[in-house]
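Reading the structure
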Amino acid sequence: GVHLNLNSGYPLSEPIRQCARFCDDSGMFRVRQTMFWLSKKEMLAAKTEIEAQIKACLDQGLCPTHVDSHHHVHTEWPIGTIVIAAVRQYGINAIRLSRNCGPGIDLIHKIYKWVFNARLKAYGLAKSQYFGSASDVQEILANASGDVEVMVHLTSESPATRPDRSEEIGLGRWFATYQLASYS
């Protein structure tokens, strides 16, 4: 899949570098901030950048099956709007859901995530029913049915400072019980 980035490093396109909400004076992306509204200029710049990132993957001969993003920025409503249009334009069949399971999601965020994910489902772009970290999905795996996408981040820490916790969170049992799938 394509892991879109709008908040770390340097962009591929010029227009977004001119948008202070996205980039600093050196043209580097700013860290993530919530964006419920974008100006026309910012929408066009974000569209240009998202399309440039997807096109860069396609130009390398890759055939992405889905799109997600660094720090889940694709789940911000205006960015999500752009991503939906871009994946439909480039024939990509799925967009990762907004995290919808696990602890710490207050009512307002649950409602937002439900609406965002319902929009993906309406466009036929939601290929799983649940998305969360390995610890987030434990309750879903124990009590519900449906396709679950588990987010796993690799680490560069040494095993001595970050021991293997897969048994602690039940991944061995999970992999023995459930079938693995991909977006394709």
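In case you missed it, the structure is sitting above this.
This is a predicted model, so every value here is computed, not measured.

Here the focus is the packing of helix H2 (residues 77-90) against helix H3 (residues 107-122). It is the contact of H2 with H3, at a shortest axis distance of 11 Å, that shows an interaxial angle of 10 degrees. What the angle tells us is that H2 and H3 run roughly parallel. Contact residues: H2 offers Trp77, Gly80, Thr81 and Ile84, while H3 offers Tyr112, Val115, Phe116, Arg119 and Leu120. Residues belonging to the contact of H2 with H3 are distributed by class as follows: 6 nonpolar, 2 polar and 1 charged.

Take the environment of Trp77 next. Relative to the elements of secondary structure, Trp77 occurs in helix H2. Looking at Trp77, the relative accessible area reads 30%, which means it is partly exposed. For the pair Trp77 and Trp37, spaced 40 residues apart in the sequence, the C-alpha separation amounts to 7.8 Å. Discounting residues that sit within four places of it in the chain, Trp77 has contacts with Met35, Tyr112, Val115, Phe116 and Arg119.

Turning our attention to helix H1 (residues 40-59). Counted at 1.5 Å a residue, the expected span for H1 with its 20 residues is 28 Å, and the 28 Å between its end C-alpha atoms agrees. Turning to H1, its buried residues are Glu42, Ala45, Ala46, Glu49, Ile50, Glu51, Gln53, Ile54 and Cys57. Summarising the contacts, the buried residues of H1 are in contact with strand E1 (2-4) and H2. Just beyond H1, the residue with positive phi is Gly61, at close to 85 degrees.

With that settled, the discussion passes to the environment of Met151. Mapped onto the elements, Met151 comes out in strand E4 (residues 148-151). Overall, the relative accessible area of 15% leaves Met151 in the buried class. Spatially, the C-alpha atom of Met151 lies 7.3 Å from that of Phe131, the residues being 20 residues apart in sequence. In contact with Met151, other than residues within four places in its own chain, are His72, Phe131, Gly132, Ser133 and Ala134.

The rules behind each value
- Numbering of residues starts from 1 in each chain and follows the order in which that chain's sequence is written.
- A pLDDT threshold of at least 70 governs which residues receive local features in this predicted model, and a stricter bar of 80 or more applies before side-chain atom pairs are shown or counted, although totals over entire chains, interfaces and linings include all residues.
- Think of the side-chain values as coming from all heavy atoms in the structure, minus any hydrogens and water.
- Angles here are taken between N-to-C directions and fall from 0 to 180 degrees, while the axes themselves are lines fitted to C-alpha atoms, restricted in helices to the stretch in contact.
- Put simply, DSSP H or I for four residues or longer makes a helix, DSSP E for two residues or longer makes a strand, and each gets a number counted from the N terminus.
- An angle below 35 degrees is treated as roughly parallel, one above 145 as roughly antiparallel, one from 65 to 115 as roughly perpendicular, and anything else as oblique.
- Here, two residues are considered to be in contact whenever any of their heavy atoms come within 4.5 Å of each other.
- Amino acids outside the nonpolar list (Ala, Val, Leu, Ile, Met, Phe, Trp, Tyr, Cys, Pro) and the charged list (Asp, Glu, Lys, Arg) are all regarded as polar, and Gly is one of them.
- Accessible area is worked out with a 1.4 Å probe on protein chains only. A residue is then buried under 20% of its type maximum, exposed over 50%, and partly exposed in between.
- A helix is expected to span 1.5 Å multiplied by its residue count minus one.

Interpretation note: all reported values are geometric properties and have no functional meaning in isolation.
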